[in-house]
Structures are given as C-alpha cells and as structure tokens.
Amino acid sequence: GDSVTQMEGPVTLSEEAFLTINCTYTATGYPSLFWYVQYPGEGLQLLLKATKADDKGSNKGFEATYRKETTSFHLEKGSVQVSDSAVYFCALRGRGGSQGNLIFGKGTKLSVKP
Amino acid sequence: DVKVTQSSRYLVKRTGEKVFLECVQDMDHENMFWYRQDPGLGLRLIYFSYDVKMKEKGDIPEGYSVSREKKERFSLILESASTNQTSMYLCASITEGSGNTIYFGEGSWLTVV
C-alpha cells in the first residue's frame, strides 16, 4: 500500500542554518504531496503542497519539489528561525478510492536555537 | 477560511467513563476524519466518514465509535475510556479532489485517569 517515510528527528539547528527534512513515498499512480507543520499545542497546518511531478510548493521560505523519478518531496529552507521550531509532517493523498487515501509520515521535530 | 472546530481542548476523564469528542467544520466538506497523535507514532487514523451516516474504520478503531448525523459534525465516542486512550485527538476535513487540502482542528488533549 501507499506509504510515506520521513527522516527521524529530532533535528536541532542554529538560527540561520540550512534545513533539509527528507521525505520519500511509495504510491500507485500520481499522488498529491503535502507538508504540514504543527506548532506546540496546536493542530496541523498546511505548509505547502504539490499536485504533480516537478511542481514546487513554497511558503514562508520553505520549498519542496515533487520528484517522481526519486519518489521524494524533501522540505528545505535556506535560513531557519527560532519561530520555525515545530513538528513537520510529510503526507500524500492518492487519487480515487475511499479513506481519502491520506497517508502521513511520523513527523520530524525541529528545534532551532538562537 | 475553512474552520474545523473541536469543542474541547483539554479533558480529564476517569477510566470507564463514556467520552464524546465533537468536531464541526463550516465548509460543507464531504470527508471527515479522526486521528490520534502519540509521540513517536505520528498520526494514526481511527475512523473516517465520506458522507452523512457513512463511516469507515481506519487503522486503530478498537475502543472507539463515531457518529455523523449531519454533514458538518463528526463525533468520536469512547464507550468506556481506558488509560491507554490518553492522547491528542485531531479532527480533520477535506473536500473531494486529490489535490485539495485537509484542514485540521486544534486538537483535543484527553487524559484518562
């Protein structure tokens, strides 16, 4: 079945460091791919998404490119801030079928130190 | 903006109590979901519903039931709460279309003592 694998955390970075959180997926067909962010004590918010191969999603300085050849959707940010400290979830949604075909990775906790 | 509202943010219940977690969305979404989130386990799907009065089991339905009498409301029920159901519960909704965004509520922290 469909699955999402993302790098385990926690990831600890200094402010202004470069961030990469790896995400790879297994799916039949052409899923849509998402990154969600969860700040402490809150629910999940959409960070960015891409719905087809080679699409780049971007938001708040974060970017991820839908790479079908490597089945990846890695999250990157050039210069992280303390306010980026959160848990990040990679997710996919398949096309058709029930359950919405929503699959989440286990989440990666990011801590950014001043 | 889509709003998914979970009525209770923090609850403390006793073992054996019946617990209701309510979720309401205001965007006429067909699909609604209940997840639980635990450290190291990510989000696990308990139940989902793709229409009024329709429900499907997710990955961990044991010990839970759901109710969807109206399109905007999806309730999670713990018939007899147990300590291993202490967790963060997240409700979500989405409309049809694979590229559409799933929207989450702020979560309900349930502690069973």
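Residues numbered from 1 in each chain as written. Chains lettered and ligands numbered in written order. Predicted model: local features only at pLDDT ≥ 70, side-chain atom pairs only at ≥ 80, totals over all residues. Heavy atoms only, no water.

Asker: Describe the interface of chain A and chain B, with residues and values.
Answerer: Listed per partner, the contact involves 21 residues of chain A and 27 residues of chain B. Of the roughly 1,800 Å² buried between chain A and chain B on both sides combined, carbon and sulfur atoms contribute 55%. Taken together, the connections running from chain A to chain B amount to zero salt bridges. For the pair chain A and chain B, the interface holds four residue pairs in polar contact (both at pLDDT 80 or more). If you tally residues by element for the side of chain A that touches chain B, the top one is strand S5 (residues 32–38) of chain A, at four residues. Tallied by class, residues from the side of chain A that touches chain B come to seven nonpolar, nine polar and five charged. (Contact = heavy atoms within 4.5 Å. Buried area = accessible area lost by both parts, 1.4 Å probe. Salt bridge = Lys/Arg side-chain N within 4 Å of Asp/Glu carboxyl O. Polar contact = N/O pair within 3.5 Å; in protein donor to acceptor, adjacent residues only side chain to side chain. Helix = DSSP H or I, 4+ residues; strand = E, 2+ residues; numbered from the N terminus. Nonpolar A, V, L, I, M, F, W, Y, C, P; charged D, E, K, R; others polar.)

Asker: Account for the pattern of salt bridges, naming residues and giving values.
Answerer: All names here are of chain B. For the structure on display, the rule yields ten salt bridges over all chains. Note that Asp28 is salt-bridged to Lys71, the shortest N-O span being 3.3 Å. One end of the pair, Asp28, is in the loop between strand S4 (23–25) and strand S5 (31–38); the other, Lys71, is in the loop between strand S8 (65–70) and strand S9 (73–78), with 43 residues separating them in the sequence. One salt-bridge network, in which partners are shared between bridges, spans Arg36, Asp38 and Arg44.

Asker: Lay out the sheet that holds strand S7 (residues 56–59) of chain A with the relevant residues and their values.
Answerer: Residue and element names in this part refer to chain A. The strand order across the open sheet built from four strands is S3-S9-S8-S7, with neighbouring strands paired in antiparallel fashion. Every other strand in the sheet has two partners, leaving strand S3 (19–21) and S7 as the edge strands with one partner each. Sheet twist, expressed as the mean angle between neighbouring strand axes with direction ignored, is 15 degrees. Sheet topology places strand S8 (residues 62–65) next to strand S9 (residues 75–77); three bridges connect them, and they run antiparallel. Paired with Glu63 across the strands is Glu76, a residue of S9. (Pairing = 2+ DSSP bridges. Axes fitted to C-alpha atoms, helices over the stretch in contact; angles between N-to-C directions.)

Asker: An account of the environment of Leu47 of chain A is requested, with residue identities and associated values reported.
Answerer: Residues and elements named next belong to chain A. With respect to the helices and strands, Leu47 occurs in strand S6 (residues 44–50). For the pair formed by Leu47 and Tyr66, sequence separation is 19 residues and the distance between their alpha carbons is 14 Å. Once residues lying within four places of it in the same chain are set aside, the contact partners of Leu47 are Trp35, Tyr36, Val37, Asn59, Lys60, Phe62, Leu75 and Tyr88.

Asker: Give me the environment of Val66 of chain B: which residues, what numbers.
Answerer: All names here are of chain B. Mapped onto the elements, Val66 comes out in strand S8. For Val66, a relative accessible area of 8% gives the class buried. Val66 sits twelve residues away from Leu78 along the chain, and the two C-alpha atoms are 8.7 Å apart. The contact partners of Val66, leaving out residues within four places of it in the chain, are Trp34, Tyr47, Lys55, Phe74, Ser75, Leu76 and Ile77. (Buried < 20%, exposed > 50% of the residue type's maximum accessible area, 1.4 Å probe, protein only.)

Asker: Quick one: what's the story with the packing of aromatic side chains, residue by residue and with numbers?
Answerer: All names here are of chain B. Tallied over the full model, the rule gives eleven aromatic pairs over all chains. Pairing Phe33 with Phe48 gives two aromatic rings, centres 6.1 Å apart and planes at 25 degrees, and the pair type is stacked. Highlighted residues: Phe33 in strand S5 and Phe48 in strand S6 (residues 42–49), separated in sequence by 15 residues. For Phe48, a relative accessible area of 3% corresponds to the buried category. Considering the side-chain rings of Tyr64 and Tyr89, the 5.9 Å spacing of their centres and the 65 degrees angle between planes classify their relative orientation as edge-to-face. (Phe/Tyr/Trp six-rings, centres within 6.5 Å; stacked < 30°, edge-to-face > 60°.)

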